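Here is what each chain is made of, one letter per residue.
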Amino acid sequence: MLKLSLIFIGVGIICVILSGISLNAFVNGNEQRANFHSETKEFRKERNSFGIKAGIIGLICLVIGFGIRYIF
């Protein structure tokens, strides 16, 4: 069970990092403003949709992974 929990935790961390990158959570204000003005609405909507989905999947995987780790 320990290996299964580590897999879920690893996938969760990767998904949360991908979510942060796609939602521009790791850039400062100037970079975020430049990205906002250089992309189309469709691309921004697609990027934000991916980021939210990846974040939700990541959080679910983290909860499952830590749940398995602490239950067993």
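Residues numbered from 1 in each chain as written. Predicted model: local features only at pLDDT ≥ 70, side-chain atom pairs only at ≥ 80, totals over all residues. Heavy atoms only, no water.

A. Examining the overall build of the protein chain more closely. Assigned secondary structure in the protein chain consists of 3 helices and 0 strands. Mapped in sequence order, the helices and strands of the protein chain form the string α-α-α. For the protein chain, whose C-alpha radius of gyration is 15 Å, the value lies well above the compact-globule estimate of 11 Å for 72 residues. For the protein chain, buried positions account for 26% of its 72 residues. (Helix = DSSP H or I, 4+ residues; strand = E, 2+ residues; numbered from the N terminus. Rg over C-alpha atoms; globule rule 2.2 N^0.38 Å. Buried < 20%, exposed > 50% of the residue type's maximum accessible area, 1.4 Å probe, protein only.)

B. Focus on a nonpolar patch on the surface. A contiguous nonpolar patch, built from L23, I52, I56, I60 and I64 and spanning about 420 Å² of accessible area, is present on the exposed surface. By the secondary structure assignment, I56 is in helix α3 (residues 41-71). Under the relative-accessibility criterion, I56 is labelled partly exposed at 48%. (Patch = residues over 30% accessible without salt bridge, like charges linked within 9 Å, V, L, I, M, F, W, Y side chains within 5 Å. Areas by Shrake-Rupley, 256 points an atom, 1.4 Å probe, with all protein chains shown as cover. Salt bridge = Lys/Arg side-chain N within 4 Å of Asp/Glu carboxyl O.)

C. Quick peek at the pattern of salt bridges. In total, this model carries 2 salt bridges according to the counting rule given. The partner of E39 in a salt bridge is R44, with the nearest N and O atoms 3.3 Å apart. Owing to a relative accessible area of 15%, E39 belongs among the buried residues under this scheme. For R44, a relative accessible area of 15% gives the class buried. Of the charged contacts, one joins E39 and R47 as a salt bridge, the two residues approaching to 2.6 Å between their closest N and O atoms. Taken individually, E39 and R47 each receive the classification buried, so the pair is uniform in this respect. In this structure, a network of salt bridges that share partners links the residues E39, R44 and R47.

D. Spotlight on the side chain of S19. Locating S19 in the fold gives a position in helix α1 (residues 2-22). Within the local environment of S19, its side chain forms a polar contact with the backbone oxygen of G51, the two atoms lying 2.7 Å apart. Those residues in contact with S19 that lie beyond four places of it in its chain are G51, A54 and G55. (Polar contact = N/O pair within 3.5 Å; in protein donor to acceptor, adjacent residues only side chain to side chain. Contact = heavy atoms within 4.5 Å.)

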